[in-house]
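Structure at a glance
Letter by letter, the chains look like this.
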Amino acid sequence: MNLHALAFQAVYTLGMEIDIALPLVALACGVAVFAGVVKGIVGFAMPMVLVSGLGSFLAPELALAGLILPTLVTNAMQALRQGFAAMLGSLRRYRLFLAMGGAALLASSQLFSQIPANAFYLLLGVPVTLYAVALLLGVPLKLNGKSRATSVALGLFAGAIGGISGVWGPVTVAYLTAYELSKEEQMRVQGAIYGLGAVLLAFAHLASGVLDARTIPFSALLVLPAVLGLWIGFRIQDRMDQSLFKKATLVVLAIAGLNLIRRGLFG
């Protein structure tokens, strides 16, 4: 079966299962392309873009389900861009952060329908925005990225907010900027960390009921446009020097923080 047939089948199945109009399907695909471009440039923000964009015209549960498979596939592509061995090395170096984040993500995902996320958005958005803006303004503000306490605390925090909202990138980026990584390594590490988180998120929301036979076709439909956007973003990012990459990362991080504050205040 070719890609056109697969796309048609996905749209057909989607229409049968969740009653979504075709123009909204096309709009969702456009959001996925844009999310992929942003991720290809700076290595993160796909869940933020998808959940914000899709959530503006779809139910929150469907927006969250929609981001899961595109996030899983694009993170795998990003993590493996320099090869499997390089990805494993990155996972080993940041295993404490990953372990804490994974445990918190699995626990908090079961609370998705019971706890209002507004407080979590504000709790995350305010410090992330301040951190990114301070670095953009040249304020010498750094986290002790090699501290075990920092790894544990930020891993737990990133996992907790990720399980509830599907967005754990801002905390992870703030954590990784403390290491002053090259753009290639930061992209690979982000892909590895987010990829593992995406696997856990998928399993967690299979258990929570957010991802099921009704919503999986919609999430699968968004994979191809997200991959297209990622490819475009990679082409742009390859031409950026280290300084520009860092500034772009911090700008997107600040935007992510402001968006989280907006969601915390206005929903």
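Some words on a nonpolar patch on the surface
On the surface, Val199, Phe203, Leu206 and Ile216 cluster together into a nonpolar patch covering about 350 Å² of accessible area. At three residues, helix H10 (residues 183–208) tops the list of elements feeding residues into the nonpolar patch. Mapping Phe203 onto the fold places it in helix H10.

So, the packing of aromatic side chains
Applying the stated criterion across every chain, the model contains zero aromatic pairs. Here the basic side chain of Arg81 rests over the ring of Phe234, its NZ or CZ set 4.1 Å away from the ring centre.

Thoughts on helix H2 (residues 22–42)
Compared with an ideal rise of 1.5 Å per residue, which puts 21 residues at 30 Å, H2 spans 31 Å between its outermost C-alpha atoms and is within 8% of the ideal. Those residues of H2 that sit buried are Val25, Ala28, Val31, Ala32, Ala35, Gly36, Val37, Val38, Lys39, Gly40, Ile41 and Val42. Of the residues flanking the end of H2, it is Gly43, one or two places downstream, whose phi is positive at about 90 degrees.

Comments concerning the pattern of salt bridges
Taken as a whole and judged by the stated rule, the model has three salt bridges. A salt bridge links Arg235 to Asp238, with the shortest nitrogen-to-oxygen separation between them at 3.5 Å. Of this pair, Arg235 and Asp238 both sit in helix H12 (residues 223–238), three residues apart, which is roughly one turn of the helix. Relative accessible area serves as the criterion here: at 33%, Arg235 is assigned to the partly exposed category. Accessibility expressed as a relative area gives 40% for Asp238, which makes it partly exposed. Bridged by salt links that share partners, the residues Arg81, Arg235 and Asp238 form one connected network.

Some points on the side chain of Gln78
Along the chain, Gln78 turns up in helix H4 (residues 60–79). Here Gln78 falls in the buried class, since its relative accessible area comes to 2%.

Side note on empty space enclosed by the protein
With the rule as written, the count across this model stands at two cavities of 30 Å³ or more. Of the voids in this model, the largest cavity is the one considered here, and its volume is about 130 Å³. Lining the largest cavity are 14 residues; nearest its centre among them are Gly101, Gly102, Trp168, Ile193 and Gly197. If you list the elements that add at least two residues to the lining of the largest cavity, you get helix H6 (95–109), helix H8 (148–165) and H10. Ranked by residues supplied to the lining of the largest cavity, first place goes to H6 with five residues. Among the residues forming the lining of the largest cavity, the class breakdown is eight nonpolar, six polar and no charged.

Thresholds applied
Residues numbered from 1 in each chain as written. Predicted model: local features only at pLDDT ≥ 70, side-chain atom pairs only at ≥ 80, totals over all residues. Heavy atoms only, no water. Patch = residues over 30% accessible without salt bridge, like charges linked within 9 Å, V, L, I, M, F, W, Y side chains within 5 Å. Areas by Shrake-Rupley, 256 points an atom, 1.4 Å probe, with all protein chains shown as cover. Salt bridge = Lys/Arg side-chain N within 4 Å of Asp/Glu carboxyl O. Helix = DSSP H or I, 4+ residues; strand = E, 2+ residues; numbered from the N terminus. Phe/Tyr/Trp six-rings, centres within 6.5 Å; stacked < 30°, edge-to-face > 60°. Lys NZ or Arg CZ within 6 Å of the ring centre and 35° of its normal. Expected span 1.5 Å × (residues − 1). Buried < 20%, exposed > 50% of the residue type's maximum accessible area, 1.4 Å probe, protein only. 1 Å grid on protein atoms, 1.4 Å probe; cavity = no way out; pocket = protein on both sides within 12 Å on 5 of 7 lines; lining within 4 Å. Points joined across faces, edges and corners; volume = space filled by probe spheres on them. Nonpolar A, V, L, I, M, F, W, Y, C, P; charged D, E, K, R; others polar.

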